[in-house]
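Residue-level structural notes
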Amino acid sequence: MKMIIREIRENELDALLELYLHLHETALPARDAVLADAWAAIMNDKNYHIIVAEEDGRPVASAVCVIVPNLTRNVRPFALIENVVTHRDYRKRGYASACLRFAKALAQRENCYKIMLLTGAKDAGTLAFYQKAGFNCTDKTAFVQWL
């Protein structure tokens, strides 16, 4: 099958939530107004991009790319990458790498001056994957405060 990289469609929420079970989620969220409101906000935000790799007509990998307007760096935005995931059965086939390349092209199109990505992964393979994709862990120090 041919890999297709594109932005998610509004009717693919269920497929995305199922895919997130291969990230760190342990259960699907409740189908309630909170979820519906969050999905509507995402779908209506021109700066929020959910990128998917499709095979056999369904998303098998995904990454979120958010373009953040900015007042520094000559008023150039920056991009944040989050929720990079590949279905367990499709790993090591280039799907996530393709999603990251799509995100980079999107950030370049929007004139971003940088792309940032944080990962909680500690295993060498995942860290090497991000380095191979062009990210480095030496330019910045990341701090996270969980709320």
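Here we summarise the structure given alongside this text. Note that residues are indexed from 1 along each chain, following the sequence as it is written. Side-chain atom pairs in this predicted model are given and counted only at pLDDT of 80 or more, local residue features only at pLDDT of at least 70, and totals for whole chains, interfaces and linings cover all residues. For side-chain calculations, the full set of non-hydrogen atoms in the structure is used, while hydrogens and water are omitted.

Quick look at the pattern of salt bridges now. Any carboxyl oxygen of Asp or Glu that lies within 4 Å of a side-chain nitrogen of Lys or Arg is treated as forming a salt bridge with it. Counted by the stated rule, this structure contains 6 salt bridges. Among the ionic pairs, Glu-12 bridges to Arg-6, the shortest N-O distance being 2.6 Å. The exposure class of Glu-12 is buried, given its relative accessible area of 8%. Residue burial is assigned from relative accessible area. The probe radius is 1.4 Å, only protein chains are included, and a residue is buried under 20% of its type maximum, exposed over 50%, and partly exposed in between. The class of Arg-6 is buried, set by a relative accessible area of 10%. Sharing partners across several salt bridges, the network here consists of Arg-6, Arg-9, Glu-12 and Glu-54.

Attention now goes to a nonpolar patch on the surface. Patch definition: residues above 30% relative accessible area lacking any salt bridge, with like charges linked at up to 9 Å and the nonpolar side chains Val, Leu, Ile, Met, Phe, Trp and Tyr linked at up to 5 Å. The accessible surface values rely on the Shrake-Rupley method and a 1.4 Å probe; as for residues, cover is taken only from the protein chains in view. Residues Leu-118, Val-144 and Trp-146 make up a contiguous nonpolar surface patch of roughly 410 Å² in combined accessible area. By the criteria applied, helices consist of DSSP H or I runs no shorter than four residues and strands consist of E runs no shorter than two, each listed in order from the N terminus. Within the fold, Trp-146 resides in the segment after helix 4 (124-132).

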